[in-house]
Structures are given as structure tokens and as C-alpha cells.
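If you want the building blocks of each chain, they are given just below.
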Amino acid sequence: MTMTFADLALAPVLLQALTEEGYTNPTPIQAQSIPMLLEGRDMLGMAQTGTGKTAAFALPLLHRLAADPRPAPKGGARVLVLAPTRELVSQIAAGFESFGRHIKPRVTTIFGGVSQFHQVNALKDGVDIIVAAPGRLLDLIDQGLCDLSALEALVLDEADQMLDMGFAKPIERIVATLPQDRHTLLFSATMPKSIAALAESLLRDPAKVEIAPPSTTVDRIDQSVMFLDAANKKAALLALLRTPDMGQAVVFTLQKNIANEVCAFISEEGITAEALHGNKSQGQRERALDAFRAGTVQVLVATDIAARGIDVDTVTHVFNHDLPSLPESYVHRIGRTGRAGRSGFAITLCDAEQRAWLHDVEREIGRTLTVQDDHEWHCEVARHSTQRAPVLGGGPVKQVKPTKERVRKVWTEEEKLAARMAAKAA
């Protein structure tokens, strides 16, 4: 018998909101997580984006607020959700507001790139739920403008990305201000040693839910690679975007300036496109995402800052104009397509300089990408290159001659650090 949300003992006002949204049956992570969270268990959740994680933690927390509608502590909140990017923060907050429409919880978002004025004002009388990026939240705590000493529940969403972006210390400092007697939830798409250690330090006898094994890709996404010279990438991308089965697409680049160049190029060719990266203001980023969700923009050209914050079911294709410098980012990039049970396509454009990164990606996902070689730009030199991948973070990417000593085997700690710094800067 198929489980429904009505079987999960949620408050009637939440079931009403779910019905109004058209949701009847919980996803696997929701069905497994919600009963244990309603019991107050700490949780370690392993699931990729697009599996329904937001509702999995939002619904039990809203149930808690509905069952005990006490005033929020002044200057603080009852529930705190930490997420890595502004886009994901806004998306999670919207989920709380939608599912809690009949409870009307006070929800505020806290992130950088905008004035803190409205954020500080919202906190003065206290809010039910804060959804925040770690950096700005820690700034407000350090200024004495946010007091979380009465917090009831903490959620860390996309914890692996937060650590990849260098937020380990801010998270540690934020947690040090929280009461130890709290309900704690940690969700991650992958389980490296750093996340296991974080979970060990934060969670008490946690329930564990694993929906997808770490670092696996969605089977319904058709993944392939095109080997070509770097100078031909834009032309190849344009041809791909003009194929008849093309719907909406996300194009990932390694650097902000390349995102701008690619966006300008395809826009000049008559394809509606917007760029999304860290140099854009919050208003610009929100307008770009809103236009993409509304379908008035066909292509979003983004750096990895957007890899987990774009949840648009109509995305048919993901293009890697550049390979990611951290192989695990590939999984999160391609997860922008193949959503809500649909099929999707992920096509990677690989030049000789980034061939070593492709090797890392294939090792990460445990499979070899299908090679598309029936196109005019195919380059056997790129396909068989053994040159070492560039180290990022110290200026422009430089070409490195493929000597035997430079053939790349494993990441050094310096490379990992440089790549994380570059990803955070994007």
C-alpha cells in the first residue's frame, strides 16, 4: 500500500497546506525521516538534491512549532537552518513559508551581499525560523545582534558543500553559541571523513537515513563528454543549445569572467540567457533565477555557487563548459536535470588542460562517460592528454607542459585547498 502524508501524523494544518500544493505521497527521504524527527531524534541524512530534503526537515519542525506556539526568543530564533549559498537559503525559507502557510511562522533569511539592516530589524523581536548562510550569521552574532542561546533545533543542509566552501570554522563558532540540549539534523549529499567527524561532534545517537549512496549519479541522466580545443567550446555549446530537443539548460563554468563571456556570446546569437555568480548582486541573482523559473530565460550560465541552489524541474540539459576543480561538484552540477522523475542530459566539454579533472570525475562516479566524437570539433589530442590539471586560486589558469613527472595521479592537499578557495570565490 502506498504511503500518503496523512499516514505520517502531521498536524492537520500542514496536511492542508500539502494538499493545496498538490502533494499526496512523500518521497523516500520524507517517508523515512519524518516519523523519526517527530519523535525528536537527531538525524544524519544522506541524500542528493532533488529528493525532497527540504520538506523532510521543514514539516517536522513546523509540526513542532504548531504544537507549541510559544513566542520566539528576542534577538534570536527557535529554529536555525544553515545552508551554503544565498540561493539555497532563499529556497529553503520559501519552503517553510509555503508548508507553514496556515501556521504563519515568522521566517527570516540571513546572508551576505545585502544590507544587514532588515535582517537585524527582523531579529529584534525574535523569529520562529532563521535560514542563514554561515558567514553573515556569524557576523551578526559577533556584533551582538543575534542571540541563539535559546535555540530549540539546528539543521545543517548541504553540509558537505559548506565545508568545501571553507565554512568549517564559522559553523564551529556558531554551534559554540547554541544550547547543547537541542534537536540537531545534518543533511549531506556525500560522506567524506570531514562530514563524518562533524556529525560525530554534533549529533546525539542519531537516526540515519540514506537514500542514495555517496557520490553516485542519477541513473536517468544521460552523461557524455565531447573532447575539443578550448577555443571551440563556445561554438560547440551554441550548436548543442540549438538542437531540437533542447528545453531549459544550465551551463557551468569554472570562473566568473568565463560565465559572463559565455552568457554574452549565446545572448548575441539570439538565445535568452542570464549569468549567475558571486559578482552579481543579490537582486541580480534573484531576478535571474526568477526569470529562469518562469521560463522567460532559456539558459542559466553559472559558476559552482549555483550547483545546488537551482531546483527547476524543466531543466533538460546541463552543460559543463568547464569541468569542476573538485570532482564531487560534478554530481551536484548534473543534479540540476533529471528532476521530478524526468530524464535529463549532461554533456561535458573537455579540452586537453582539463583532461585530468575528467579522470577524477570518472573515478568519483565510478564510470566512464560516453564519448561523443561525431562532431566537427572533435580533438584526439584532448582525448588522450596526460597533462597535469591546473592549480587554482593563485591567478589565471596557466598551461602546463605534459611532461612525465607532471602526469596527475592524486590531489595534493595544496591543490584541494586552492580549489576550495576558488570555488568559494566563484
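Draft legend 1. Seen up close, the overall build of the chain. For the chain, the count of helices and strands is 16 helices and 14 strands. Within the chain, the fraction of its 426 residues that count as buried is 54%. Look at the contacts in the chain between residues 6 or more apart in sequence, and 75% of them connect residues 24 or more apart. About 18,100 Å² of surface is accessible on the chain, with carbon and sulfur atoms providing 52% of the total.

Draft legend 2. Broad picture of helix H6 (residues 134-142). Considered for burial, the residues of H6 that qualify are Pro134, Arg136, Leu137, Leu138, Leu140 and Ile141. One or two steps after H6, the chain reaches glycine 144, where phi turns positive at roughly 75 degrees.

Draft legend 3. Local environment of the pattern of salt bridges. All told, the structure shown has 24 salt bridges when counted by the stated rule. A salt bridge links arginine 101 to glutamate 20, with the nearest nitrogen and oxygen atoms 3.2 Å apart. Residue arginine 101 is found in the loop between helix H4 (86-99) and strand E3 (107-110), and its partner glutamate 20 is found in helix H1 (residues 12-21); the two are separated by 81 residues along the sequence. The class of arginine 101 is partly exposed, set by a relative accessible area of 27%. Among the residues examined, glutamate 20 registers a relative accessible area of 41% and is labelled partly exposed. Residue arginine 78 pairs with aspartate 68 through a salt bridge whose shortest N-O separation is 3.7 Å. Taken together, the residues arginine 78 in strand E2 (residues 77-82) and aspartate 68 in the loop between helix H3 (53-67) and E2 connect sequence positions 10 residues apart. Owing to a relative accessible area of 1%, arginine 78 belongs among the buried residues under this scheme. Through salt bridges with shared partners, one network takes in Arg64, Asp68, Arg70, Arg78 and Glu152.

Draft legend 4. Representation of the nonpolar core within the structure. Counting residues in each nonpolar core, the largest one holds 39 residues, and the members touching the most others are Phe57, Leu59, Phe96 and Val131. No other element matches H3, which puts eight residues into this core. Beyond its immediate stretch of four places on either side in the chain, phenylalanine 57 contacts Leu37, Val81, Ile92, Phe96, Val155, Asp157, Leu185 and Phe187. By size, the runner-up hydrophobic cluster in this structure holds 34 residues, among which are Leu80, Leu137, Cys146 and Ala159.

Draft legend 5. The arrangement of the sheet that holds E3 in detail. Here seven strands make up an open sheet; going across it, the order is E3-E4-E2-E5-E6-E1-E7 and the pairing parallel. Of all strands in the sheet, those bounded by a partner on one side alone are E3 and strand E7 (207-210). Put simply, the sheet's adjacent strands are angled 15 degrees from each other on average, direction ignored. Here four bridges tie E3 to strand E4 (residues 127-132), and the two strands are oriented parallel to one another. Looking across to E4, one finds that threonine 109 is bridged to valine 131. H3 contacts E2, E4, strand E5 (153-156) and strand E6 (183-188) of the sheet and is inclined by roughly 175 degrees relative to E2.

Draft legend 6. A look at the pairing of strand E9 (residues 248-252). With five of five residues buried, E9 lies mostly within the body of the structure. Bridge analysis of E9 against strand E12 (residues 315-320) gives five bridges, and the strand direction is parallel. Among the inter-strand pairings, alanine 249 is bridged to a residue of E12, identified as histidine 317. The pairing of E9 with strand E11 (residues 299-302) spans four bridges and is parallel. Paired with alanine 249 across the strands is valine 299, a residue of E11.

Draft legend 7. Spotlight on the sheet that holds E9. Strand order across the open sheet formed by seven strands is E10-E11-E9-E12-E13-E8-E14, with parallel pairing between neighbours. The sheet is open, and its two edges are formed by strand E10 (273-276) and strand E14 (370-371), each paired on a single side. In terms of strand pairing, E12 meets strand E13 (residues 344-350) through four bridges, oriented parallel. In the sheet register, phenylalanine 319 faces E13, and the bridge partner there is isoleucine 347. Against the sheet, helix H10 (residues 233-241) makes contact with strand E8 (221-227), E9, E11, E12 and E13, and its axis sits at roughly 165 degrees relative to E13, the strand it touches most. This element, helix H11 (residues 256-268), spans E9, E10 and E11 of the sheet and lies at about 175 degrees to E10.

Draft legend 8. Looking closely at the packing of H10 against H11. Remark: H10 packs on H11, axes separated minimally by 11 Å, with the N-to-C direction vectors making an angle of 50 degrees. The angle between H10 and H11 places the two elements in the oblique class. Considering the relative orientation of H10 and H11, their crossing is right-handed. Contact residues: H10 offers Lys234, Ala235, Leu237, Leu238 and Leu241, while H11 offers Glu261, Val262, Phe265 and Ile266. Among the residues making up the contact of H10 with H11, the classes are represented as seven nonpolar, no polar and two charged.

Draft legend 9. Focus on the environment of alanine 67. The residue alanine 67 is located in helix H3 in this model. Alanine 67 sits 56 residues away from alanine 11 along the chain, and the two C-alpha atoms are 8.0 Å apart.

Draft legend 10. Molecular detail of the environment of glutamate 353. Turning to its location among the elements, glutamate 353 is positioned in the loop between E13 and helix H14 (355-365). What makes glutamate 353 buried here is its relative accessible area of 13%. A C-alpha to C-alpha distance of 9.3 Å links glutamate 353 and aspartate 229, two positions 124 residues apart in sequence.

Draft legend 11. Structural detail: helix H2 (residues 28-38). Of the residues making up H2, those classed as buried are Ile29, Gln30, Ser33, Ile34 and Leu37. Considered in projection along H2, the buried side chains sweep an arc of 105 degrees and stay on one side of the axis. Glycine 40 sits one or two residues past H2 and shows a positive phi near 90 degrees.

Conventions and cut-offs
- Residues numbered from 1 in each chain as written.
- Predicted model: local features only at pLDDT ≥ 70, side-chain atom pairs only at ≥ 80, totals over all residues.
- Heavy atoms only, no water.
- Helix = DSSP H or I, 4+ residues; strand = E, 2+ residues; numbered from the N terminus.
- Buried < 20%, exposed > 50% of the residue type's maximum accessible area, 1.4 Å probe, protein only.
- Contact = heavy atoms within 4.5 Å.
- Areas by Shrake-Rupley, 256 points an atom, 1.4 Å probe, with all protein chains shown as cover.
- Salt bridge = Lys/Arg side-chain N within 4 Å of Asp/Glu carboxyl O.
- Core = buried A, V, L, I, M, F, W, Y, C linked by side-chain atoms within 4.5 Å.
- Pairing = 2+ DSSP bridges.
- Axes fitted to C-alpha atoms, helices over the stretch in contact; angles between N-to-C directions.
- Parallel < 35°, antiparallel > 145°, perpendicular 65-115°, else oblique.
- Left-handed = near helix turned anticlockwise from the far one by under 90°.
- Nonpolar A, V, L, I, M, F, W, Y, C, P; charged D, E, K, R; others polar.
- Arc of directions from axis to C-beta.

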